[in-house]
Amino acid sequence: MSSSTTPAPVTASPAARTGEAVQVQGACKEFVDPHGDRLRVLDDIDLEIKPGEFVAIVGPSGCGKTTLLRSIQGLERLSAGTVTVAGHPPGEIATGFVFQRASLLPWKTVERNVSFGLDLRVIRSAGGELGGKEARQRQVTELLELTGLADFRHYYPRQLSGGMQQRVNLARALAIEPAVLLMDEPFSSLDAMTREKLQRDLQRIVLQAGTTTIFVTHDIREAAFQADRVVVMSPRPGRIARIFTIDEPRRRTAEYQNSDRLAETARGIWTELHEGNASEGGRPDA
Amino acid sequence: MADRREKAPDAPTSGRAITARRATVSILGGLVLWELAVRVLHPSPLSIVAPTDVVSAFVRLARDGTLWTDFRVSMQQFLMGFALSAAIAIPLGLVMGANRRVHDYGDPWLTILYTTPNVALAPLFIIWLGFGNASHVAIIALVAIFPILINTIEGVRTVEEEWNEVGAAFRASRPEIFAKIDLPGSLPYIFTGLRLALARALVGVVVADLFGASAGLGYLLLNSAQAFKTADVFVAVTVLAALGVFLTGGLRLLQNKLMPWGATTGGA
């Protein structure tokens, strides 16, 4: 129901439609806590993301960054405000979600995990380019190659390292050709070396697939290394404190990963997080 | 890196071999000690007999056909009772695990029936179904049903908690979540339930015979005990024990076949 009518290869930008890829307007989200009190986690968030853009969201824990991501996915309903993905309400268009935990199905091989979304009725009945069995098979093979999993297609998740599992997680989300890729701290449980390798690989993968990406993380360097823009959120109620634009052409390389430029950018974001509007409980002592 | 030969290490195999050797030594050693103790201490043959006496009793009972008849009758009752309990408990457990409403209506009954000593219900089955095969099968099914049911419910609920979001994120329909996530995901739990149920079903075989039977391993046990044929009692017990071990092994083979991914969640 969401796929465009013109068939396009996997590598083409699925976000090549007109207008914003993601538009968030006046988004508010309140939870009722066990005592019956209202807890405001998102407060009047406005955010526009262009097709093909990579946006990272950073903020202290409890700032609502994951809630925002889940609202775009349609896993949470906003209390007020609107979210649209390529002009559609969330839930009516294919969006890919990469979970923090490796949420792979242990009884499926890598290949079958990647094709999980493709095998569902929603995609099959769409009748688009991914409707046919052969087309789905081809799609999976391309993605396995893109994510460096080609040699592991018949493995079960438990036979893979944490980093490889997150690659499968990513490939599974990309398989349905999402209008936007939503990643919820996907690398946070990995060791530093694997994490940096995956950050570089993700650069290549999303550029090649042309996917609009929103990446939630608490790692400032990770955000600054990957994103076109870094959104800094302040804690409870979650507001956008500041948006940093990173003037560094993508795809970003290992050289940039170790550069002073990145360190400088990360320092600026760090200062905003810790001393600016985003800091918890006002300004810290100097 | 991707070479598949890498994941076939020799170490665990030799480890398993060592474990198997130790188990054999332990069993054989125990039997030898038992034999020696009986020969040296000469206890009353009414209370205990040597392993060799059990073997000769086994041969005698096997030759005159009694053992085969008792085995066949018990085995038939066991298989029917166990299959019946699985056929009821697995679908019911899946539905109760996946559907909150069905769970809420069913759970009080489950709690009441599970906490009642099931054996206490055996005389009722005799009243309802008579002394024949039907009451035996019903008693076996009754004692076997609860572990399967409880584990299946637990399995579906755990699986839903863990992977529900994945289904939701990919916009899977409820039937798809059930078929593609709940069902395969709860398999390890179902097998745990089956394994526990198997042991209980064997108890059911014996208990059902105690309430009245004309053949069966429990009948052999009871009859031999009343006639003070201690060696024959040991034959019945040994056959029941061997049955338990072999059936559990068979269940494990089936599990490995159905679950090649080798998850051990909930597995004991």
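Check the entry above for the structure.
Just so you know, these numbers come straight off a predicted model, no measurement behind them.

Q: Tell me about the interface of chain B and chain A, residues and numbers included.
A: With 18 residues of chain B at the interface, the matching set in chain A holds 17 residues. Among the secondary structure elements, those contributing two or more residues to the side of chain B that touches chain A are α6 (133–169) and α7 (174–210) of chain B. Ranked by residues supplied to the side of chain B that touches chain A, first place goes to α6 of chain B with five residues. Here the side of chain B that touches chain A is composed, by residue class, of twelve nonpolar, two polar and four charged.

Q: Can you break down the environment of Ala-27 of chain A residue by residue, with the values?
A: Examined against the element boundaries, Ala-27 of chain A turns out to sit in strand β1 (residues 22–32). Leaving out residues up to four positions away in the same chain, Ala-27 of chain A has contacts with Leu-42, Ile-45, Leu-68, Ser-71, Leu-78, Gly-81 and Val-83 of chain A.

Q: Residue-level account of the sheet that holds strand β9 (residues 239–245) of chain A, with values.
A: Residues and elements named next belong to chain A. The strand order across the open sheet formed by six strands is β5-β6-β7-β3-β8-β9, and the pairing between neighbours is mixed. Each of the sheet's edge strands pairs with one partner strand only, and the pair in question is β5 (95–98) and β9. Taking the axes of each pair of neighbouring strands and ignoring which way they run, one obtains an average angle of 20° across the sheet. Both strand β6 (residues 180–184) and strand β7 (residues 212–216) contribute to a ladder of five bridges, which runs parallel. Within β7, the residue paired with Asp-184 across the bridge is Val-216.

Q: A description of the sheet that holds strand β4 (residues 80–85) of chain A should follow, citing residues and the corresponding values.
A: All names here are of chain A. What the three strands build is an open sheet, ordered β2-β1-β4; its pairing is antiparallel. Of all strands in the sheet, those with a lone pairing partner are β2 (38–49) and β4, marking the two edges. Within this sheet the neighbouring strands show an average axis-to-axis angle of 25°, counted without direction. Here five bridges tie β1 to β4, and the two strands are oriented antiparallel to one another. Across the sheet, the residue bridging to Gln-23 is Thr-84, located in β4. Contacts between helix α1 (residues 65–73) and the sheet are confined to β1, β2 and β4, with β1 contributing the most and set at about 115° to the helix.

Q: Which residues make up the nonpolar core, and what values go with them?
A: Counting 139 residues, the largest nonpolar core has Ile-214 and Val-230 of chain A together with Ile-140 and Ala-201 of chain B as the members making the most contacts within it. Top element by residues in this core is α6 of chain B. It accounts for 19 residues. Here Ala-201 of chain B is in contact with Phe-78, Gly-81, Phe-82, Ile-140, Val-143 and Ala-144 of chain B, once residues within four sequence places are set aside.

What counts as what
- Counting restarts for each chain, with residues numbered from 1 along the sequence as it is written.
- Here every chain gets a letter starting at A, and every ligand a number starting at 1, in the order they are written.
- The predicted nature of this model means local features are confined to residues of pLDDT at least 70 and side-chain atom pairs, given and counted, to a pLDDT of 80 or more, with totals for whole chains, interfaces and linings taken over all residues.
- Contact between residues is assigned whenever the C-beta positions, reconstructed from backbone atoms, fall within 7 Å.
- The helix and strand labels rest on DSSP assignments: H or I over at least four residues marks a helix, E over at least two residues marks a strand, and numbering proceeds from the N terminus.
- Residue classes follow a fixed rule: Ala, Val, Leu, Ile, Met, Phe, Trp, Tyr, Cys and Pro count as nonpolar, while Asp, Glu, Lys and Arg count as charged, and any other residue, Gly among them, counts as polar.
- Any two strands are treated as partners once DSSP identifies two or more bridges connecting them.
- A fitted line through C-alpha atoms represents every axis, and for helices the fit uses only the stretch in contact; the resulting angles, taken between N-to-C directions, go from 0 to 180 degrees.
- We define a nonpolar core as a collection of buried residues of the types Ala, Val, Leu, Ile, Met, Phe, Trp, Tyr and Cys that are connected via C-beta atoms lying within 7 Å of each other.
- Once C-beta atoms are placed from the backbone, each residue is buried if 20 or more other C-beta atoms lie within 10 Å of its own, exposed if 12 or fewer, and partly exposed for counts between those two.

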